[in-house]
Amino acid sequence: MVFSEQQVIDWNDRVYIIISPEDKRKLEVWPEKPETFREVIHEYSVMLRPVINNVFKAMALSLNLEENCFLNQFGERGVMFARFNYYPRCPRPDLVLGLKPHADGSAITVVLPDREVEGLQFQRDGQWFSVPTIPNALLINVGDQVEIMSNGIFNSPMHRAVTNAERDRISLAVFCTSEEENEIGPADGLINEERQDCTRKSGIIPMTYFEYYQLGKRPIDAVKI
Ligand SMILES: O=C(O)CCC(=O)C(=O)O
Ligand SMILES: [Fe+2]
């Protein structure tokens, strides 16, 4: 999305569509080719649901919380936004990023990274670490909504995609974002004397998200107290 002339453009082409719930799909903008696209993406979205449910439950249990507390905030009709990223090889990888540093605005993001070409990096203690390629593995990333639901215990990490001069790279990121009507807040049991509520109750508005992204800011900072 282009908001200003000064904006630094990311080195990637993308298709960005809602894949679930089914009645939110805008099929008129879905690619028609390859011909199997719709069927495969439908199957993928159906099969992701139990994976997502299990991840939310495991996260809640790991904090000794009621198993459905994150899942309920996500909702039966939590939305899956799919972003198909294509990063062409780039003549100046020293100057150009595929995706600028950002944290995801989702609850969790399920990434199907390129099978062979590395490019995704996460930041820790000011340093960037590359995610190794593991064919057919899914990478689950915590987004801002889970940082809020877990009252800051699970961090939504900064990450970026770098470019390279030799090979094109592709990835599919599915942003699992709570049902629009649901207000996100820290789960019961996570607010106590030691750990006060660290965010205002809110969902994160997608338009604000992309504006913040271009400015290199984290939208979650807008809801922090
Ligand atoms: O290209 C990747 O591996 C990750 C993409 C990503 O972080 C995103 O689309 O938000
Ligand atoms: Fe991301």
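Each residue is numbered by its place in its chain's sequence as written, counting from 1. Think of it this way: whatever chain is written first is A, whatever ligand is written first is 1, and the rest follow in order. In keeping with the model being predicted, local features are shown solely for residues with a pLDDT of at least 70 and side-chain atom pairs are shown and tallied solely at 80 or more, while totals for entire chains, interfaces and linings include all residues. To get the side-chain values, take all heavy atoms of the structure and skip hydrogens and water.

Side note on the overall build of the protein
Right, on to step 1. When you go through the protein residue by residue, the secondary structure sums to four helices and nine strands.
Right, on to step 2. Listed N to C, the secondary structure of the protein is β-α-α-β-β-β-β-β-β-α-β-β-α in terms of helices and strands.
Right, on to step 3. As defined in this context, the radius of gyration uses C-alpha atoms, and a globule is described by 2.2 Å times the residue total to the power 0.38. Taking 2.2 N^0.38 as the reference for a compact globule, 225 residues should give roughly 17 Å; the C-alpha atoms of the protein span a radius of gyration of 18 Å, in line with that estimate.
Right, on to step 4. The cut-offs for exposure are 20% and 50% of the maximum accessible area for each residue type, with area from a 1.4 Å probe on protein chains only; residues under the lower value are buried, those over the upper are exposed, and the others partly exposed. Per-residue burial for the protein yields a buried fraction of 45% across its 225 residues.
Right, on to step 5. Contacts: residue pairs with any heavy atoms within 4.5 Å of one another. Counting contacts in the protein only where the partners sit at least 6 residues apart, residues at least 24 apart contribute 78% of the total.
Right, on to step 6. Positive charge is attributed to Lys and Arg, negative charge to Asp and Glu, and no charge count is given to His or to the chain ends. Where a charge lies is defined by one atom per residue type, namely NZ (Lys), CZ (Arg), CG (Asp) and CD (Glu). Within the protein, the 33 negative side-chain charges are centred at a point lying 3 Å from the centre of the 24 positive side-chain charges. Note on conventions: DSSP H or I runs of at least 4 residues are helices, E runs of at least 2 residues are strands, and numbering of each starts at the N terminus.

Focus: the sheet that holds strand 7 (residues 139-142)
Right, on to step 1. Note on pairing: two strands pair once DSSP finds at least 2 bridges between them. Taken together, the five strands give an open sheet; going across it, the order is 1-2-9-4-7, and neighbouring strands pair in antiparallel fashion. The sheet terminates laterally at strand 1 (13-20) and strand 7, the two strands that pair on one side only. The sheet shows a mean angle of 20 degrees between the axes of neighbouring strands, direction not considered.
Right, on to step 2. Relative to strand 7, strand 4 (residues 108-112) runs antiparallel, the two sharing four bridges. Note on strand 7: the bridge partner recorded for Val110 is Ile140.
Right, on to step 3. Against the sheet, helix 1 (residues 37-62) engages strand 1, strand 2 (79-87), strand 4, strand 7 and strand 9 (169-177), with an angle of about 130 degrees to strand 4. Helix axes are fitted only over the stretch in contact, all axes being lines through C-alpha atoms; the angle between N-to-C directions runs from 0 to 180 degrees.

Here we look at the environment of Gly189
Right, on to step 1. Considering the arrangement of structural elements, one finds Gly189 in the loop between strand 9 and helix 4 (206-215).
Right, on to step 2. You can call Gly189 exposed: its relative accessible area is 60%.
Right, on to step 3. C-alpha separation for the pair Gly189 and Leu63, spaced 126 residues apart in sequence, amounts to 9.6 Å.

A look at the sheet that holds strand 6 (residues 127-130)
Right, on to step 1. If you trace the four strands from one edge of the open sheet to the other, you get 3-8-5-6, paired in antiparallel fashion. Edge strands, defined here as strands with exactly one partner in the open sheet, are strand 3 (97-102) and strand 6. Here the average twist between neighbouring strands, direction ignored, is 30 degrees.
Right, on to step 2. The sheet contact formed by strand 5 (residues 120-124) and strand 6 spans four bridges and is antiparallel. Paired with Gln123 across the strands is Trp128, a residue of strand 6.

A short note on empty space enclosed by the protein
Right, on to step 1. Every definition here rests on a 1 Å grid over the protein atoms only: cavities are sets of points where a 1.4 Å probe fits but cannot get out, pockets are open sets enclosed by protein on both sides within 12 Å along at least five of seven lines, and lining residues have some atom within 4 Å of a point. Grid points are joined across faces, edges and corners, and a volume is the space filled by probe spheres set on the points. In total, this model carries five cavities of 30 Å³ or more according to the counting rule given.
Right, on to step 2. In this structure, the second largest cavity spans a volume of roughly 160 Å³.
Right, on to step 3. Every residue lining the second largest cavity is counted, 19 residues in all, and those nearest its centre are Leu99, Val111, Leu120, His159 and Ala173.
Right, on to step 4. Mapped onto the lining of the second largest cavity, the elements with two or more residues apiece are strand 2, strand 3, strand 4, strand 5, strand 7, strand 8 (159-162) and strand 9.
Right, on to step 5. A per-element tally of the lining of the second largest cavity places strand 9 first, with four residues.
Right, on to step 6. We call Asp, Glu, Lys and Arg charged. Ala, Val, Leu, Ile, Met, Phe, Trp, Tyr, Cys and Pro are nonpolar, and the rest, Gly among them, are polar. Residue composition of the lining of the second largest cavity, by class: nine nonpolar, six polar and four charged.

A look at the packing of aromatic side chains
Right, on to step 1. Put simply, two rings from Phe, Tyr or Trp (the six-membered ring, in Trp's case) pair if the centres are within 6.5 Å, and we call them stacked under 30 degrees between planes, edge-to-face over 60, tilted for the rest. The full count for this structure, using the stated rule, is five aromatic pairs.
Right, on to step 2. With a centroid separation of 6.0 Å and 25 degrees between ring planes, the pair formed by Tyr16 and Phe81 is classed as stacked. Placement of Tyr16 in strand 1 and of Phe81 in strand 2 is noted, with a sequence separation of 65 residues between them.
Right, on to step 3. Residue Tyr16 is classed as partly exposed on the basis of its relative accessible area of 35%.
Right, on to step 4. Each ring, one from Phe56 and one from Phe74, has its centre 5.1 Å from the other, and the planes form 35 degrees; the classification is tilted. Here Phe56, found in helix 1, pairs with Phe74, found in helix 2 (residues 69-74); they are 18 residues apart in sequence, far enough to count as distant. Comparing Phe56 with Phe74 shows no difference in burial state: the two are buried.
Right, on to step 5. The rings of Tyr16, Phe81 and Phe175 are connected pair by pair, giving a single aromatic cluster.
Right, on to step 6. Any Lys NZ or Arg CZ found within 6 Å of a ring centre and within 35 degrees of that ring's normal is scored as a charge over the ring. The side chain of Arg83 reaches across the aromatic face of Tyr16, ending 5.9 Å from its centre.

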